[in-house]
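# Summary of the model geometry
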Amino acid sequence: MRSETFCLIAADSTHQIMKLEKLILENNIKVRIIPVPKEVTANCGLSIKFDVSDLEKIKSLIQNDNKKDDFDFCLYNVEKSGLKKQITKI
């Protein structure tokens, strides 16, 4: 059975997701935009998927950028094992 662990950023708008993706990519961190899982509540249908090892770097980037712009976002840890998925808010 294949298992995978990763993190997600969910936000209230597509604009916020696109801006966050650009900010993160500019800092040489690999991310991918994916649909928001049904277990996550968000007004926007998109989320940003990234490796757990980049969590602290991304949190720092968002906090520093959030001083300029007021983003409303949530971070999640996702653990997938086969067909089971456990999503925890960080």
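I will try to describe carefully the structure that is included in this document. (Residues numbered from 1 in each chain as written. Predicted model: local features only at pLDDT ≥ 70, side-chain atom pairs only at ≥ 80, totals over all residues. Heavy atoms only, no water.)

## Things to note about the environment of Ile48
- On the secondary structure map, Ile48 appears in strand S3 (residues 46-50).
- When its relative accessible area of 0% is taken as the criterion, Ile48 is described as buried.
- Distance from Ile48 to Arg32, taken between C-alpha atoms, is 5.6 Å for residues 16 residues apart in sequence. (Helix = DSSP H or I, 4+ residues; strand = E, 2+ residues; numbered from the N terminus. Buried < 20%, exposed > 50% of the residue type's maximum accessible area, 1.4 Å probe, protein only.)

## Things to note about the pattern of salt bridges
- A full pass over the atoms with the stated rule returns five salt bridges.
- Between Glu26 and Lys22 there is a salt bridge; the shortest N-O distance is 3.9 Å. Note that Glu26 and Lys22 are positioned in helix H1 (residues 14-26) at a spacing of four residues, about one turn of the helix.
- Residue class for Lys22 comes out exposed when judged on its relative accessible area of 54%.
- For Lys57, the salt bridge goes to Asp54, with nearest N and O atoms at 3.1 Å.
- A relative accessible area of 47% means that Lys57 is categorised as partly exposed. (Salt bridge = Lys/Arg side-chain N within 4 Å of Asp/Glu carboxyl O.)

Bear in mind that shape data such as this cannot, by itself, settle questions of function.
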